[in-house]
Amino acid sequence: MRKGLSAVLLALLVLSGCAPTFEKQDQVVQEDQDSQSKKAIIPSYQISEEYYKTLLPYEPSATRGVVVNNLESRYDLNEFETGLLRMAKKTFSTKSYLFKEGQILSKETIDSWLQRKYTSAQLKERKLKDTDNVGLNPVEEKGQNEPIYLAHIIEHNYLIKKEDDKVQLGGVAIGLALNSVEYSQTSTGATSAEPISNETIKQQGAAIASEVLKRLREREELQGVPITIALFKQTSRDSIVPGSYFAFTNVKGKESTISNWEAVNESHFVFPSPEAKSAHSKDVNVFEEFATKVQTYFPTYTGTVGRAFYQDDKLKELRVEIPLTFKGKAETIGFTQYLSTFITKQFPADWNVEVLITASSNPEALILKKPNSKDPYVHVYE
């Protein structure tokens, strides 16, 4: 259920311009890669300047869904995409740019780039041409055990509106998901896991990014277009928190090389956990006090779990899930009202908190506390 809700939040993030107002919308003309013009609509409504507007009708990327098969942890799926939106906003303002799913890199292109590089002998054995030898992961010859570093590539496009009511590509963001663990089969058939050092991940990520940029610049449609490339370190298969972006670079339209990388300080923690207690003990104490009050009202609940997102070591968002055993609507409403009365007082004013109440894995109620708001938003599902 959490995965489903996160997918909904991603949709709201990039589709926020699609509803609910359809009056006085701008009609524009956009050109695709084949210079074919087609009409599109820019919705007039925008939730806030935090979100991008999108063109209607919405045009999904040909690579949609590929990410599901390439990332190790289900928690990485949404973070890889939504995190790239955060990286892009550092360069492409939501005031000036429209969001569009990637339309330049095809599924076949990304699949081929995710392969290993081949030796001449391996090309001959696989009956491949030199032009097919485009894998971005290192060569692996017999007797070697070279890790797969690049797990996935995601592309976002950012459009700008011109004075002649036309829109054109104004920027591209590329996310590179990098493995943090090397998995291999032992002689007994078991799977072994060997961590990849942060230094190696950084070095490999930077090298892969340089090659990706070179290939992008070879495309006619990307001549003179600014490109943001961000590096994402994904978690292990058994992780209960998502990975995070750790670096990004902005390459101006006339540049074809990467001159510098900017560090990104983002992290995720489960509340409560030893890792969270060690890094952010005061925040965990606040959460535990909240969990105690929940237990006071409903002693047989199965546990309160929080997922915290930090930027520059400051808590930006806390998502709390409270799984309960009852299903009575009256009891759900009573419990939701109880939580709503003290949630704004329990958590610091500047915290952004989402509390989801579930029963049998189904959502029963949602409470949202926005930073510095006096009253929470409350919704009870029918």
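Here, every reference points to the structure presented above.
Not measured: the values here are computed from a predicted model.

The step from Leu56 to Pro57 runs through a cis peptide bond, and the omega angle for that step is 0 degrees. The residue Pro57 is located in the loop between strand 3 (53-54) and helix 2 (66-70) in this model. We note that Lys127 has phi near 60 degrees; this positive angle belongs to a residue other than glycine. Within the fold, Lys127 resides in the loop between helix 5 (120-126) and strand 5 (150-161). By relative accessible area, which is 77% here, Lys127 ends up exposed. Phi angles above zero are rare outside glycine, and Ser360 is one such case at about 55 degrees. Within the secondary structure layout, Ser360 lies in the loop between strand 15 (353-359) and strand 16 (362-369).

Taken together, 6 strands build an open sheet; the order of strands is 12-13-14-15-16-17 and the sheet is mixed. Every other strand in the sheet has two partners, leaving strand 12 (266-271) and strand 17 (377-380) as the edge strands with one partner each. Sheet twist, expressed as the average angle between the axes of neighbouring strands with direction ignored, equals 15 degrees. Here 7 bridges tie strand 15 to strand 16, and the two strands are oriented antiparallel to one another. The partner of Thr358 across the bridge, within strand 16, is Pro363. Strands strand 14 (314-324), strand 15, strand 16 and strand 17 of the sheet are contacted by helix 9 (residues 329-346), whose axis makes an angle of about 20 degrees with strand 16.

Here the structure, examined in full by the defined rule, presents 13 aromatic pairs. Taken together, the ring pairs connect Tyr52, Phe92, Tyr97, Phe99 and Tyr158 into an aromatic cluster. Here Arg237 stacks its cationic end above the ring of Tyr183, 3.7 Å away from the centre of that ring. A cation sits over an aromatic face here: Lys293 above Phe342, 5.1 Å from the ring centre.

What counts, and at which threshold
- Residues numbered from 1 in each chain as written.
- Predicted model: local features only at pLDDT ≥ 70, side-chain atom pairs only at ≥ 80, totals over all residues.
- Heavy atoms only, no water.
- Helix = DSSP H or I, 4+ residues; strand = E, 2+ residues; numbered from the N terminus.
- Buried < 20%, exposed > 50% of the residue type's maximum accessible area, 1.4 Å probe, protein only.
- Pairing = 2+ DSSP bridges.
- Axes fitted to C-alpha atoms, helices over the stretch in contact; angles between N-to-C directions.
- Contact = heavy atoms within 4.5 Å.
- Phe/Tyr/Trp six-rings, centres within 6.5 Å; stacked < 30°, edge-to-face > 60°.
- Lys NZ or Arg CZ within 6 Å of the ring centre and 35° of its normal.

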